[in-house]
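Reading the structure
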Amino acid sequence: VDSLRSPYQPVIEALGNYPQKKFYNVSKLGGAKYDTLPYSIRVLFESSVRNCDGFLVKETDAMNILDWKTKQNNVEVPFCPARVVLQDFTGIPAMVDFAAMREAVRNAGGDPVKVNPACPTDLTVDHSLQIDFSKCAIQNAPNPGGGDSQKPMAKLSPLKAQPRKLPCRGQTACKGPCSAGDSSRNSGQFSAQIENTPILCPFHLQPVPEPETVLKNQEMEFGRNRERLQFFKWSSKVFKNISIIPPETGMAHQVNLEYLSRVVFEVKDFLYPDSVVGTDSHMTMVNGLGILGWGVGGIETEAVMLGMPVTLTLPEVVGCELTGAASPLATSIDIVLSITKHLRQADVAGKFVEFFGSGVSQLSVADRTTIANMCPEYGAILSFFPVDNVTLKHLKYTGFDKAKLEVMEAYLKAVKLFRNDESSSREPEYSQVVQISLSSIIPYVSGPKRSQDRVAVNNMKSDFQACLNEKSGVKGFQIAVEKQNDIVPVQYEGNEYKLSHGCIVIAAVISCTNNCNPSVMLAAGLLAKKAVEAGLVVKPYIRTSLSPGSGMVTHYLSSSGVLPYLSKLGFEVVGYGCSTCVGNTAPLPEAIRNAIKQGDIIACGVLSGTKNFEGRLCDCVRANYLASPPLVVAYAIAGTVRIDFETEPLGTGFNGKSIYLRDIWPTRKELHTMEEECVISSMFKELQEKMEKGNKRWNLLEAPESTLFPWDLKSTYIRCPSFFDKLAKEPVSPQLIENAHVLLYLGDSVTTDHISPAGSIARSSAAAKYLTNKGLTPREFNSYGARRGNDAVMTRGTFANIKLLNKFIGKPAPKTIHFPSGQTLDVFEAAELYQKEGIPVIILAGKKYGLGSSRDWAAKGPFLLGVKAVLAESYEKVHKSQLIGIGIAPLQFLPGENPSTLGLTGREQFSVLFPPELSPGMTLDVKTSTGKVFSVIALFENDMEITLYKYGGSLNFVARRFL
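Residues numbered from 1 in each chain as written. Predicted model: local features only at pLDDT ≥ 70, side-chain atom pairs only at ≥ 80, totals over all residues. Heavy atoms only, no water.

**Quick notes on the overall build of the chain**
To keep things clear, this is the line we draw: Helix and strand labels come from DSSP, where a helix needs a run of H or I of at least four residues and a strand needs a run of E of at least two; each type is numbered from the N terminus. Under the scheme applied here, a residue whose accessible area is under 20% of the maximum for its type counts as buried, over 50% as exposed, and between as partly exposed, the area being computed with a 1.4 Å probe on protein chains only. The Shrake-Rupley method, run with a 1.4 Å probe, gives the accessible areas here. Residue values count only the displayed protein chains as cover.
Scanning the chain from N- to C-terminus turns up 33 helices and 36 strands. Each of the 963 residues in the chain was classed as buried or not, and the buried ones make up 63%. Accessible surface, the chain: about 34900 Å² in total, of which carbon and sulfur atoms supply 49%.

**Considerations on the pattern of salt bridges**
This is how it is decided: Criterion for a salt bridge: a side-chain nitrogen of Lys or Arg within 4 Å of a carboxyl oxygen of Asp or Glu.
Overall, the coordinates contain 33 salt bridges when judged by the stated rule. Ionic pairing is found between K351 and E316, a salt bridge with its closest N-O pair at 3.6 Å. Within this pair, whereas K351 is found in the loop between α12 (332-345) and β15 (352-356), its partner E316 is found in the loop between β13 (310-313) and β14 (317-323), the two being separated by 35 residues in sequence. With a relative accessible area of 12%, K351 lands in the buried category. Overlapping salt bridges bring together D97, E302, D856 and K860 as one network.

**Some thoughts on the sheet that holds strand β36 (residues 933-938)**
Our working definition: When DSSP finds at least two bridges between two strands, those strands are taken to pair. To obtain an axis, a line is fitted to C-alpha atoms, over the contacting stretch when the element is a helix, and the angle between two such axes runs from 0 to 180 degrees between their N-to-C directions. Contacts are assigned to residue pairs with any non-hydrogen atoms lying within 4.5 Å of each other.
Read around the closed barrel, 7 strands run β28-β31-β32-β33-β36-β35-β34, paired in mixed fashion. Shown here is a sheet whose adjacent strand axes are inclined to one another by a mean of 40°, direction ignored. Of the pairings in the sheet, the one linking strand β28 (residues 737-745) to strand β34 (residues 910-913) comprises 2 bridges and is antiparallel in character. The residue bridging A740 from the neighbouring strand is F910, located in β34. Packing against the sheet, helix α29 (residues 827-836) makes contact with β28 and β31 (841-844), and its axis sits at approximately 170° to β28.

**Points about unusual backbone geometry**
P448 follows G447 through a cis peptide bond whose omega is 10°. Counting through the fold element by element, P448 comes out in the loop between β18 (444-446) and β19 (454-456). Look at K416: it is not a glycine, yet its phi comes out positive at around 60°. Along the chain, the position of K416 falls in the loop between α15 (402-414) and β17 (432-437). One non-glycine residue, N782, lies in positive phi territory at about 65°. Following the sequence through the fold, N782 ends up in the loop between α27 (766-773) and α28 (791-797). On the accessibility criterion, N782 (8% relative accessible area) is buried.

**As for the packing of aromatic side chains**
For clarity, the cut-off: Note on aromatic contacts: the rings of Phe and Tyr and the six-membered ring of Trp form a pair at centre separations within 6.5 Å, being stacked when their planes are under 30 degrees apart, edge-to-face when over 60 apart, and tilted otherwise. In this scheme, the term charge over a ring applies when either NZ of a lysine or CZ of an arginine sits within 6 Å of the ring centre and within 35 degrees of the ring normal.
Throughout the structure, instances matching the rule amount to 26 aromatic pairs. Judged by centre distance (5.3 Å) and plane angle (10°), the rings of F265 and Y272 are stacked. Residue classification places F265 among the buried residues on the basis of a relative accessible area of 6%. The rings of F98, F231, F232, W234, F239, F709 and W711 are connected pair by pair, giving a single aromatic cluster. Taking the ring centre of Y39 as reference, the NZ or CZ of R42 above it sits at 4.5 Å. Seen from the ring of W698, K233 lies directly overhead, with NZ or CZ sitting 5.3 Å from the centre.

**A word on the pairing of strand β25 (residues 623-626)**
Burial along β25 is two-sided: A623 and Y625 facing one way and N624 and L626 facing the other are all buried. Here strand β24 (residues 604-607) pairs with β25 via 4 bridges, running parallel. The residue bridging L607 from the neighbouring strand is L626, located in β25.

**What to know about helix α21 (residues 629-638)**
Here α21 lies mainly inside the structure; 10 of its 10 residues are buried. By the burial criterion, the buried members of α21 are P629, P630, L631, V632, V633, A634, Y635, A636, I637 and A638.

**Considering the state of the cysteines**
For clarity, the threshold we go by: Throughout, disulfides are identified as pairs of cysteine sulfur atoms within 2.5 Å of each other.
Under the defined criterion, the tally for this structure stands at 0 disulfides. As a non-bridged cysteine, C52 has C80 as the owner of its nearest cysteine sulfur, 10.0 Å distant. For C52, a relative accessible area of 1% translates into the label buried.

**Examining the sheet that holds strand β11 (residues 275-278)**
Strand order in the open sheet formed by 5 strands is β8-β5-β4-β11-β12, and the pairing between neighbours is parallel. Of all the strands in the sheet, just β8 (242-245) and β12 (292-295) have a single pairing partner and so form its edges. Looking at each pair of strands side by side, their axes are set apart by 20° on average, direction ignored. Contacts between helix α11 (residues 298-305) and the sheet are confined to β4 (83-87), β5 (121-124) and β11, with β4 contributing the most and set at about 140° to the helix.

**Description of the side chain of R454**
Summarising the element assignment, R454 is placed in strand β19. Discounting residues that sit within four places of it in the chain, R454 has contacts with D334, L337, S338, K341, Y444, V445 and S446.

**Some words on the packing of helix α30 (residues 857-864) against helix α31 (residues 877-886)**
Stated precisely, the cut-off is as follows: Small angles under 35 degrees read as roughly parallel and large ones over 145 as roughly antiparallel, with 65 to 115 read as roughly perpendicular and the rest as oblique. A crossing counts as left-handed when the near helix is turned anticlockwise from the far one by less than a right angle, and as right-handed when that turn is clockwise. Basically, the charged four are Asp, Glu, Lys and Arg, the nonpolar ten are Ala, Val, Leu, Ile, Met, Phe, Trp, Tyr, Cys and Pro, and anything else, Gly included, counts as polar.
α31 packs onto α30 with a crossing angle of 40° between their chain directions and a minimal axis gap of 8 Å. Viewed along their axes, α30 and α31 adopt a mutual orientation that is oblique. Seen along the crossing, α30 lies across α31 with a hand that is right-handed. When α30 is examined against α31, the residues A858, A859, K860 and F863 are found in contact with a partner set consisting of H879, Q882, L883 and I886. Tallied by class, the residues present in the contact of α30 with α31 amount to 5 nonpolar, 2 polar and 1 charged.

**A closer look at the nonpolar core**
Spelled out, the test is: Among buried residues, the Ala, Val, Leu, Ile, Met, Phe, Trp, Tyr and Cys ones that are joined through side-chain atoms within 4.5 Å form a nonpolar core.
Core analysis: the biggest nonpolar cluster contains 189 residues, and F231, W294, F352, L743, F799 and Y849 have the highest contact counts within it. Of all the elements, helix α6 (residues 88-107) adds the most residues to this core, at 10 residues. L499, V532, V538 and V632 belong to the second largest nonpolar core, which has 81 residues in total.

**Some remarks on the environment of V276**
Counting through the fold element by element, V276 comes out in strand β11. By relative accessible area, which is 0% here, V276 ends up buried. Along the primary structure V276 and R83 are separated by 193 residues, whereas in three dimensions their C-alpha atoms are 5.0 Å apart.

**Digging into the confidence of the model for the chain**
Our working definition: One number per residue, pLDDT, summarises how confident the predictor is, and it ranges from 0 to 100.
Summing up the model confidence of the chain, the mean pLDDT is 83 and the portion of residues at 70 or higher is 84%. pLDDT under 50 marks residues 135-210. Its contacts with residues more than four places away, or in other chains, come to 137 contacts.

**Focus on α29**
Spelled out, the test is: Starting at the helix axis, one direction is taken to each C-beta atom, and the arc is that of these directions.
All of the buried residues along α29 are V827, F828, A830, A831 and Y834. Angular distribution of buried residues about the axis of α29 spans 160°; they occupy a single face of the element. Immediately downstream of α29, the backbone of G838 shows phi near 75°, a positive value.

Following this line, the structure appears as structure tokens:
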């Protein structure tokens, strides 16, 4: 903005009625050609015009984007996002790398003070929450309002105190007995009293700062993560252009949506579209606001933070035409899962998706952001909803300044980035069009092992039965027919319960994909209210939890009066951040775990998150289903997935009456009324105040202020990594990979979670042995995600997932064979031996290697294990880029070939012959120790990727700029 080096300065204009506002009127450059571009491509074009400097972004790049119709899939283009968002799991290694880069630049004679993010960067500490406490004493508090505990709660109003005065157990901030008969209390008055995270005492509705469960979990979070948090605080003090969003504020993608998003950037009266990349794959949530953004790896993000563009192949854009309106019974999750299935079948991997059609206007911004948030699950780069009248109404509703909205609308219309709702308006041209009728969507869940495997709710019982019969694989469990009806009795808290296949032991209402959409969370609360009033309960051994993505969710659940009913069923607020979804669930009761293992029971988890890989929630919970929040509550009440909601009751209510799902399912009218009354702009304003104030623990946290970070050699959280040990001042020719052994022989759909798990550290793992030798107890291990700032832990955690299936071993286990000795070892121990012997290693894999969430340690870990190349049938695009960005060669078998067709066992030694000069997409020869020679494709898509590989990765390439 200051230098305006672009050669396109002649198209800088003043904005209509706002002459002081300037912008690049890119629509004048392209004429009719610009008008046919998809909206998402128009944003890319504007960025290329504004950032054109003849070096990182060239005029030919801008013209290639303008010629998108003919150039798609044929050229690489740079993109300079307006900002970067990090979350702490992937943000801490990025900031550790920056700290290490300062050290390396100083050691090489450069000025470390110059090492700063050049792109505005926000880091949200949201992934360190673990559920240590749930179902606190509140759940067993005296009967609300007193009286006969057997009487139904239907007679009690959630917003009126009852005649009997009862103190709040365990809630010291609730000031004694509640006053009787005070009919003046209402949700509006309570809203005015609420500060920070607004919680009400569930049974007396007196304002309290936090429930006991939240306070205990926060205390544990700050205790176990103090080193990491001090490092973040140091980063916020010494690095320019970076801000830290402290713990207990909310999830990165949610905070991005509610607080950080600008929609239109304004810097010194210069206007341009908001855009973002981040280290969380769910950055795409902001696509629902008309903001171009997606998740990338930590390695690429660091380059962007230093002013380099993201490079991508000019993508195809799939137009998704939505028509009609959804059924009243279908929630946003049903819409999301239906669209996910359609788009997976359309093969949108590596493409942009852009929504248009009459059905788009039927979707609220909350619906749109929920759909966009699931974008990584169907493989697209992003899912874009252009700004329209619905977007502006939402922004006004959530507290955007009126004057700012007027400027925003005028600018977006001037550059033709505003979607017209009128049917007569011309739609852009797309690479292909996928049509989806919203009126055909019915309620679904997804599972039991993959998010793309949808199951209609009315078919759930029969589908689970089929899974029991089916051979072990992506859906099946292969349970013998005679064992499918086994029942295992178990004693828990003085009562006997019976566990069987399909029994639910984890039920988590997680609002990471839903808190932007109040209707589904309110639906869960209203269903819980009706269930409690009808006399239904949840079995006490089921690990229930409610993890809101931000305080806003708790606010509207509180002000609507449904929070006490969720608590009554065990869905207690456990904290704010990623929890169950990333494997941070507290262990199941020992009696339940033993019963599950004793009977080889296929126990189930039901959650309203986005990840349900087998074993992710808990190692003894083999079937996991993604469902909408109200269905999570419904299944928790039923206690099993082997139920037909149409013909079988959820349970028995008061007076022995059978209660069916239809009896307690909230109507759309009820939800609409509740949403209007409870979801108001003040919630967003109070959330913003909370973010700006931080919290007491964070504010009091001490941290150093030195230019270089004072590394503590005893630390088990923060270590200076070894990526810069061989900082190359000039690029080198690719080195021959000679006589490499295969470290792992993997199959299809190996996820980044298999490669670099984010959950708890198993006591028998190599990482656990390392931490034990450092004097830590298992209780102090924390999770892999929390220790991403320690390369020693993360290297040992690479390929440590208990569900990793290595063909050398033949069963799920984080093990492999060290061929020179013939020993079966942990993957890390085998890799360590290979490195001591000076033997390079490679990985053999099948299709879709690196599937799942973007995770930079899924590349960094193998690199530190000594992996020189991966030979796979196909790759997930982001992960492939990460491999190049760290210095690992991604090699792909020729079409129709794989290890089996080539007769490879994986026990051979492999040599890869690199020529002196690489070119994009070139073919290389691979020779084995048995004499076999075959060809593979080197998946370098452009000259920049080749350059990065020659420098040993993007970190070394970027660091050299400061020397």
